[in-house]
Amino acid sequence: MAVPHGRNFLMVPGPSYVPDRVMRAMHRQSEDHRSLDFPRLTLEVLEDVKEIFQTKEGTVFLFPATGTGAWESALSNTLCRGDKVLTVRLGQFSHLWIDMMTRFGLRPIALDVEWGEGLPYERMEAELRKHADIKAVCVVQNETTTGVYTDVYRVRKMLDSLKHDAMLLVDGVSSIGSVEFYMDAWGVDVAVTGSQKGLMLPAGLGLVCARPAALKHSLDREQNADYVNGSALPSVFFSWRDQLNNNKVGYFPYTPSIPMLHGLRESLVMLLKEEGMHNVWARHKRMAEAVRRAVGAWSHAGLRVCARNPSERSDTVTTILVPEGFDAQKIVSTAYQKYNLSLGGGLMKLRGKAFRIGSLGDINELIMLGTLAGTEMAMRDIGLQVKLGSGVAAAADFFQATAIPVRGLSGQQARI
């Protein structure tokens, strides 16, 4: 019988490849999380991870959860039942965050846009003018469903120009650690991300960063909260106060995921100390641009990028719309079954209409070119008249023109 060989091409927009050295860092015997040595790991990781958010002022909390848990922590520590929240539904993940707000008893003012479009800034401004009592503006920096990227700083400038007091909360699950994000410079109050995307870890860590004003607001609110008769949202597992009280001396309020903390420390060494965040961002932009060029070469077969505005196209995922009459899910299933290639399927209203290619994490040019080749074969298999090699050639031309040496001594020819 036929069996798969080699490594699966994991090219979904998360989870991403876990580098071997990160897996080795995680592969260890259990240890005492109350020991005298443990704070060395905790304090080092909590300090270093602030650079991922580009903050000196913020406080980072690490929860044994996913990005959904980080969402819950951000909402439950800052808002009360009945609070108005301005947000935009532009894909599945913004939709799910709105669903969480509703279940918490918040009052989301959710603006809908066509999937593939970005934030409706003028409509947002109108709502902020109309509702001075909006407590928070919640935006997704990178909507993984559609591959649309949000200009977070523009939202902050809007709030400042209106002198509005609403907090700015940002979902950066598929962006932070991969694309530009400046928490302090952009005036973001609370940001969340997960471990399984740009941080190159398995799913299982939800990261939340709160700047001083949001943290003070949270602690003041909790101190005066009446959880029986009042409107404050309870937070126990995701409590910032409990984390803060323990983290400051290097511990956690409950048993942390110790292997994940060791893995995070190793991934931070790779991203911050060896590569540097600006180089990380540039690498992701380059990978995504190669995919976009490939899709441009496939346009003869009717394929196109879902994100309509070129300036709003994500550098961690490209969502590709297929022509009418073709089922994009068959591309995904064929790629997996025949070529051991994992692509992202279309989600919710894009199911069957689009597929997604991730460009985040520990990947390089040849991984991406192999991905594009497998995608072309799968598209041909379902009847799309894609010219084999067209997208691969467009991406390869771009890679060759922008390549820099990453191995060996510059200018030195190996002796073979």
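Scroll up to find the structure.
Would you explain the overall build of the protein chain in this entry?
What the protein chain contains, in helices and strands, is 13 helices and 15 strands. Relative to the globule expectation of 22 Å for 416 residues, the C-alpha radius of gyration of the protein chain, 22 Å, shows essentially globular dimensions. Its C-alpha atoms put the protein chain at 65 × 55 × 45 Å along the principal axes. Across the 416 residues in the protein chain, those meeting the buried criterion constitute 57%. Sequence-distant contacts, at least 24 apart, represent 72% of the contacts inside the protein chain between residues at least 6 apart. When the accessible area of the protein chain is evaluated, it comes to approximately 18700 Å², of which 52% is carbon and sulfur surface.

I'm lost on helix H12 (residues 365-381) in this one. Help?
One turn of the α-helix equals 3.6 residues, which is why residues spaced by three or four share an orientation. Between its first and last C-alpha, H12 extends 24 Å over 17 residues, near the 24 Å set by a 1.5 Å rise per residue. Sitting at the amino-terminal end of H12 is Asn364, which places a side-chain oxygen 3.2 Å from the backbone nitrogen of Leu366. Two residues or fewer after H12 comes Gly383, characterised by a positive phi angle close to 105 degrees.

Got a minute to help me understand the nonpolar core in this structure?
It is characteristic of soluble globular proteins that their nonpolar side chains tend to be buried jointly. In terms of nonpolar packing, the biggest core is built from 59 residues, with Met124 and Val137 touching the most fellow members. In terms of residue count, the dominant contributor to this core is helix H9 (residues 258-275) (eight residues). Residue contacts for Met124: discarding those within four places in its chain leaves Leu86, Val88, Leu111, Leu119, Val137, Val139, Val155 and Met158. Counting residues in each nonpolar core, the second largest holds 35 residues, with Met287, Ala307, Ile367 and Phe399 among its members.

Could you clarify how one ought to interpret the packing of aromatic side chains in this entry?
To describe a pair of aromatic rings, one takes the distance between the centres and the angle between the planes. Summed over the entire model, instances satisfying the criterion amount to ten aromatic pairs. When the ring of Phe61 is compared with that of Phe63, the centres are 6.5 Å apart and the planes differ by 35 degrees; the resulting orientation is tilted. For Phe61, a relative accessible area of 0% puts it in the buried group. Owing to a relative accessible area of 0%, Phe63 belongs among the buried residues under this scheme. Relative to Trp281, the ring of Tyr182 has its centre 5.3 Å away and its plane inclined at 75 degrees; by these criteria the two rings are edge-to-face. With a gap of 99 residues between them, Tyr182 in the loop between strand S8 (167-171) and strand S9 (190-194) and Trp281 in helix H10 (residues 277-297) connect regions that are remote in the sequence. The rings of Phe61, Phe63, Phe237, Phe238, Trp240 and Tyr254 are connected pair by pair, giving a single aromatic cluster. The ring of Tyr121 has Arg154 sitting right over it, with the charged end atom 3.9 Å from the ring centre. Its end group placed over the ring of Trp115, Lys349 keeps NZ or CZ at 4.7 Å from the ring centre.

Would you mind showing me how to read the state of the cysteines here?
Where two cysteines share a covalent bond between their sulfur atoms, that bond is called a disulfide. One pass over the structure, following the stated rule, counts zero disulfides. With no disulfide of its own, Cys80 lies 14 Å from the sulfur of Cys138, the closest cysteine sulfur. Exposure remark for Cys80: the relative accessible area of 17% places this residue in the buried category.

How should the packing of H10 against H12 be read in this particular structure?
A packed helix pair is summarised by two numbers, namely the angle formed by the two axes and the spacing between the axes. At their nearest, the axes of H10 and H12 sit 11 Å apart, and the two run at 25 degrees to each other. Judged by the angle between their axes, H10 and H12 are roughly parallel. Between H10 and H12 lies a crossing of right-handed hand. Within the contact between the two elements, H10 uses Arg286, Met287, Ala290, Val291 and Ala294 and H12 uses Glu365, Met368 and Leu372. Of the residues belonging to the contact of H10 with H12, the class tally is six nonpolar, no polar and two charged.

Before we go on, may I ask you to explain the sheet that holds strand S11 (residues 304-305) in this structure?
Sheets are built from strands paired through backbone hydrogen bonds, the pairs being either parallel or antiparallel. Across the sheet, four strands lie side by side as S11-S12-S15-S14; this open sheet has antiparallel pairing. Each edge of the open sheet is held by one strand with a lone partner, namely S11 and strand S14 (344-345). In this structure, S11 lies alongside strand S12 (residues 317-321), joined through two bridges in antiparallel fashion. Residue pairing for S12: Val305 is matched across the bridge by Ile320.

Cut-offs used in this document
- Residues numbered from 1 in each chain as written.
- Predicted model: local features only at pLDDT ≥ 70, side-chain atom pairs only at ≥ 80, totals over all residues.
- Heavy atoms only, no water.
- Helix = DSSP H or I, 4+ residues; strand = E, 2+ residues; numbered from the N terminus.
- Rg over C-alpha atoms; globule rule 2.2 N^0.38 Å.
- Buried < 20%, exposed > 50% of the residue type's maximum accessible area, 1.4 Å probe, protein only.
- Contact = heavy atoms within 4.5 Å.
- Areas by Shrake-Rupley, 256 points an atom, 1.4 Å probe, with all protein chains shown as cover.
- Expected span 1.5 Å × (residues − 1).
- Polar contact = N/O pair within 3.5 Å; in protein donor to acceptor, adjacent residues only side chain to side chain.
- Core = buried A, V, L, I, M, F, W, Y, C linked by side-chain atoms within 4.5 Å.
- Phe/Tyr/Trp six-rings, centres within 6.5 Å; stacked < 30°, edge-to-face > 60°.
- Lys NZ or Arg CZ within 6 Å of the ring centre and 35° of its normal.
- Disulfide = S-S within 2.5 Å.
- Axes fitted to C-alpha atoms, helices over the stretch in contact; angles between N-to-C directions.
- Parallel < 35°, antiparallel > 145°, perpendicular 65-115°, else oblique.
- Left-handed = near helix turned anticlockwise from the far one by under 90°.
- Nonpolar A, V, L, I, M, F, W, Y, C, P; charged D, E, K, R; others polar.
- Pairing = 2+ DSSP bridges.

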